[in-house]
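Descriptive structure summary
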Amino acid sequence: QHNLVSNYTFSNFVEGKSNQLALAAANQVSENPGGAYNPLFLYGGVGLGKTHLMHAVGNALKLNKPNARIVYLHSERFVADMVKALQLNAIADFKRYYRSVDALLIDDIQFFAKKDRSQEEFFHTFNALLEGGQQMILTCDRYPKEIDGLEERLKSRFGWGLTVAVEPPDLETRVAILMNKATQARLDLPPDAAFFIAQRIRSNVRELEGALKRVIASANFTRRPIDVDLVKESLKDLLALQDKQVSLDNIQRTVAEYYKIKVADLNSRRRNRSVARPRQVAMALAKELTNYSLPEIGDSFGGRDHTTVLHACRKIRELRETSSDIHEDYKNLLRLLTT
Ligand code: ADP
Ligand code: MG
């Protein structure tokens, strides 16, 4: 019981400039577990292939050594298991289990933030595995130093091996990924149709897969071959929605420009009024104009807590009643963003 996804392999992973370093590092780790880089720390935005790569290493290790104990789990699961172990008075078993593995793959470790007891346990597990030469692979949605609520000693240890970023794929890589998925599905995807999808869906690989699935479904349904026209038809609603949805990026850029500050200031820790007020305005606009949740909005503003966003929304609502300046600013920004 290793929880590895069998089709997240190296051979199903398309290489591009954006993931080249991460892929090379993962390859090395699979050839020399515990010896090349320990831990291997992959970070980057959602849907960029971090989980896939980590499973690819696990699958390769398993192939080389079928009896190896490779354990993959999400960090939330680690936390939940630990809490259960505490309740059942079985923390010694918990420790023994995690220390007995040949490789430990823990996904999305940003969920360890503010969970002090879990961090404590993980710290000890980490040290034991490192000492035992057992490979660890960790992923995170941001650079370790930027995780609020994570102990310094963990942050520093995460950097002891190799830390690599996974970036969003460029156009050519997006096309290559689509062609690869089509081949796997034994599907004839003409290059111009692939280019059309890749040009319009730019955010991440998961979205790209979603779009391709829609196209495939409508090709099956209408019994038509895939071409640009079919792609346009089947993605019409998706693209219209995408065009309409104001992106968080766009909100940050517009607000920064309006107040003549930098986007980086909005995401920084700076608290002086000239930055803090525009930041609150931007958060309130994000809540009003997008479907993102409070935690997601907080994340996009330099990894802030959802309560900070909630506070910003309340504060701005109040100020729109009491301050004519804020009232004007908010009205202007709404207009800039929605027309
Ligand atoms: P993350 O963990 O970074 O959020 P995932 O590893 O879950 O992203 O990837 C999202 C989806 O995109 C998965 O189905 C994965 O197989 C696919 N994917 C991501 N990058 C690639 C790639 N370079 N080649 C092929 N498939 C990819
Ligand atoms: Mg993932």
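In the block above lies the structure referred to throughout.
In this text, all values refer to a predicted model and were calculated from it rather than measured experimentally.

For side chains bearing opposite charge, pairing can occur when the charged atoms are close. As enumerated under the stated definition, the model contains 17 salt bridges in all. Of the charged contacts, one joins Arg77 and Asp81 as a salt bridge, the two residues approaching to 3.1 Å between their closest N and O atoms. Pair noted here: Arg77 and Asp81 are both in helix 3 (residues 75–87), with a separation of 4 residues, about one helical turn. Of the residues examined, Arg77 reaches a relative accessible area of 40% and is grouped as partly exposed.

Relative to the elements of secondary structure, Arg157 occurs in helix 6 (residues 152–158). For the buried Arg157, which has no salt bridge, the nearest side chain bearing the opposite charge is Glu151, at an N-O separation of 8.2 Å. Discounting chain neighbours no more than four positions away, the residues touching Arg157 are Pro39, Phe123, Phe126 and Asn127.

Between Asn38 and Pro39 the backbone carries a cis peptide bond, its omega angle lying at 0 degrees. Look at Arg186: it is not a glycine, yet its phi comes out positive at around 50 degrees. Along the chain, the position of Arg186 falls in the loop between helix 7 (171–184) and helix 8 (191–200). When its relative accessible area of 78% is taken as the criterion, Arg186 is described as exposed. Backbone geometry at Lys260 places phi at a positive 55 degrees, although glycine is not the residue there. On the secondary structure map, Lys260 appears in the loop between helix 12 (248–259) and helix 13 (263–267).

Parameters at a glance
Residues numbered from 1 in each chain as written. Chains lettered and ligands numbered in written order. Predicted model: local features only at pLDDT ≥ 70, side-chain atom pairs only at ≥ 80, totals over all residues. Heavy atoms only, no water. Salt bridge = Lys/Arg side-chain N within 4 Å of Asp/Glu carboxyl O. Helix = DSSP H or I, 4+ residues; strand = E, 2+ residues; numbered from the N terminus. Buried < 20%, exposed > 50% of the residue type's maximum accessible area, 1.4 Å probe, protein only. Lys, Arg positive; Asp, Glu negative; His and termini not counted. Contact = heavy atoms within 4.5 Å.

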